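Here is how the chains run, residue by residue.
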Amino acid sequence: MKITAVETVPYAIPYTKPLKFASGEVHTAEHVLVRVYTDEGLVGVADAPPRPFTYGETQASIVGVIERIFAPQLVGEDVFAREWIHGLLHRTVGNPAAKSALDMALWDITGQSCGRSVTELLGGHTDRMRVSHMLGFDEPRRMADEAQRMWDTYGITVFKVKVGRRPVHLDLRVCRALRSALGDKAELYVDGNRGWTASEAAAALREFDELGMTLAEELCPADDVLGRRWLVGQSRIPFVADESATTPAEVTRSLLDGSATAISIKTARTGFTHSQRVLFQCEGMGAEVVMGNQIDARLGTVCTVAFGAAYAASSRRAGELSNFLDMSDDLLTDPLMITDGTLAVRDGPGLGVVIDEDKLARYRQDR
Ligand SMILES: [Mg+2]
């Protein structure tokens, strides 16, 4: 089956409330819908969410690199020659979201061609994941209210708390408020998005430990090499590398260097193919993983749960699967339902999604 065309559609859908964290804030989902067409009529689809403050990609750069560089290389290639195709993409450095969307669209086609879901193709471990909800910067009481609302409405009991503000006390107040409002039955963990120095983070870690936080993510920059290693060495909870370990090589370096003891996997930046490599690498090295969220829309969330549910190691912890709840609308015809704190994998084949063409026409930015 040959690739006949690759289409990119930039679109914008506002969030109902801005999402704020130490490395930036997001008001509108300005993503790129990527579709791969084949000579057998099957069409693969995936979403590319640009994160300029983390990876340098923008909506325009994703469209540009796919249209000008990747599409001309891919047209005429065999859909199933995945490793060959990755060799072609690998000639261009960077551009993780653009490459990942192409990879996931190809997996979507592969699933459709054999009538199986992507989860079944990848590993088929289970059919759902527990959901973790991310709480962005706000006043302690409002963050506790949001967490309680998520618990009451969706049964979510796992929360990732964004930290990394100065002074450190601001975030410690939030964490104490959440623990006292939600009690011991809630699982809480923190993500600093590199907002603190190593010594600020060390002070916070002591209290995080007392509050029963289960993970600490990117509390200080990994580029502060010795400070970061010093911090991780004294952490009693797993220390997660997220944006500092986005390739198999970076994952190896952070684990061997002692700058992390666990890894966040995001299908939006490593697709399915390289997420597999990262996961297997972590299993081999004895490091835990958590399925992260690149502020994904529904389509990106479908991809995260499709991958996470495929393996025991990636479905053990709750996955970050709820950011789409804050979007005012979406491109998929069917809603995603979080019930009893879990999100089910879509029934296949492939990713099992249908794009609503009327909504795409309404939100697209190129016409
Ligand atoms: Mg993170």
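As the structure is a prediction and not an experimental result, all values here were calculated from the model.

Along the backbone of the chain there are 15 helices and 13 strands. For the chain, whose C-alpha radius of gyration is 20 Å, the value lies close to the compact-globule estimate of 21 Å for 367 residues. With the C-alpha coordinates of the chain rotated into their principal frame, the extents come out at 60 × 40 × 40 Å. Looking at the chain as a whole, 59% of its 367 residues are labelled buried. Across the chain, contacts joining residues at least 24 apart in sequence account for 73% of those joining residues at least 6 apart. Accessible area of the chain: about 14300 Å², with a carbon and sulfur share of 49%. Averaging the positions of the 40 positive and the 50 negative side-chain charges in the chain gives two centres separated by 3 Å.

Moving on: the UniProt feature "domain: Mandelate racemase/muconate lactonizing enzyme C-terminal" (unreviewed entry) in the chain. When the UniProt feature table is mapped to this numbering, "domain: Mandelate racemase/muconate lactonizing enzyme C-terminal" (unreviewed entry) covers residues 140–238. Taken end to end, residues 140–238 is 54% helix and 12% strand, and its first and last C-alpha atoms sit 25 Å apart.

Coordination sphere of the magnesium ion, protein contribution only: D191 (OD), E217 (OE) and D242 (OD), at 2.0 to 2.3 Å. For the magnesium ion, all donor residues lie on one chain, and their spacing in sequence is D-x25-E-x24-D. Of this pair, D191 sits in strand β6 (residues 187–191) while E217 sits in strand β7 (residues 216–217), and the two are 26 residues apart along the sequence. Since its relative accessible area comes to 1%, D191 is described here as buried. Overall, the relative accessible area of 0% leaves E217 in the buried class.

Here we come to the pairing of strand β4 (residues 128–135). Extensive coverage of β4 is indicated by the burial of 6 of its 8 residues. Pairing of β4 with strand β13 (residues 342–344) involves 3 bridges; the strand directions are antiparallel. Paired with R130 across the two strands is T342, which belongs to β13. Summarising the sheet, β4 and strand β11 (residues 319–320) pair through 2 bridges and their orientation is parallel.

With that settled, the discussion passes to the nonpolar core. If you look at soluble globular proteins, the nonpolar side chains tend to sit buried side by side. Among the nonpolar cores identified, the biggest contains 116 residues, and F208, L219 and F272 are the most heavily contacted of them. With 9 residues, helix α4 (residues 96–114) is the largest single contributor of residues to this core. Excluding residues within four positions of it along the chain, L219 makes contact with V163, V190, G192, R194, G195, W196, A201, L205, F208, L231 and F239. V158, Y189, V240 and A318 belong to the second largest nonpolar core, which has 7 residues in total.

Let's shift gears to the sheet that holds strand β3 (residues 43–48). Taken together, 3 strands build an open sheet; the order of strands is β1-β2-β3 and the sheet is antiparallel. The two strands at the open ends of the sheet, each matched to only one other strand, are β1 (3–21) and β3. Direction aside, neighbouring strands of the sheet carry axes that sit 15 degrees apart on average. Bridge count for strand β2 (residues 24–38) against β3 is 6 bridges, and the pairing is antiparallel. When the sheet's bridge partners are listed, R35 is paired in β3 with V45. Sheet contacts for helix α2 (residues 59–74): β1, β2 and β3; angle to β1, the most-contacted strand, approximately 160 degrees.

This paragraph deals with the packing of helix α6 (residues 140–154) against helix α7 (residues 168–182). The geometry of α6 relative to α7 is characterised by a closest axis approach of 9 Å and an angle of 40 degrees between their N-to-C directions. With respect to α7, the element α6 is oriented oblique. Crossing of α6 against α7: the hand is right-handed. Within the contact between the two elements, α6 uses P140, M143, A144, A147, Q148 and W151 and α7 uses R173, V174, A177, L178, A181 and L182. Residues that form the contact of α6 with α7 fall into these classes: 10 nonpolar, 1 polar and 1 charged.

Reading the values: the criteria
Residues numbered from 1 in each chain as written. Predicted model: local features only at pLDDT ≥ 70, side-chain atom pairs only at ≥ 80, totals over all residues. Heavy atoms only, no water. Helix = DSSP H or I, 4+ residues; strand = E, 2+ residues; numbered from the N terminus. Rg over C-alpha atoms; globule rule 2.2 N^0.38 Å. Buried < 20%, exposed > 50% of the residue type's maximum accessible area, 1.4 Å probe, protein only. Contact = heavy atoms within 4.5 Å. Areas by Shrake-Rupley, 256 points an atom, 1.4 Å probe, with all protein chains shown as cover. Lys, Arg positive; Asp, Glu negative; His and termini not counted. Charge placed at Lys NZ, Arg CZ, Asp CG, Glu CD. UniProt positions renumbered as here; feature names shortened; annotations may be inferred. Donors = N, O, S within 2.8 Å, 3.2 Å for Na, K, Ca; no water. Pairing = 2+ DSSP bridges. Core = buried A, V, L, I, M, F, W, Y, C linked by side-chain atoms within 4.5 Å. Axes fitted to C-alpha atoms, helices over the stretch in contact; angles between N-to-C directions. Parallel < 35°, antiparallel > 145°, perpendicular 65-115°, else oblique. Left-handed = near helix turned anticlockwise from the far one by under 90°. Nonpolar A, V, L, I, M, F, W, Y, C, P; charged D, E, K, R; others polar.

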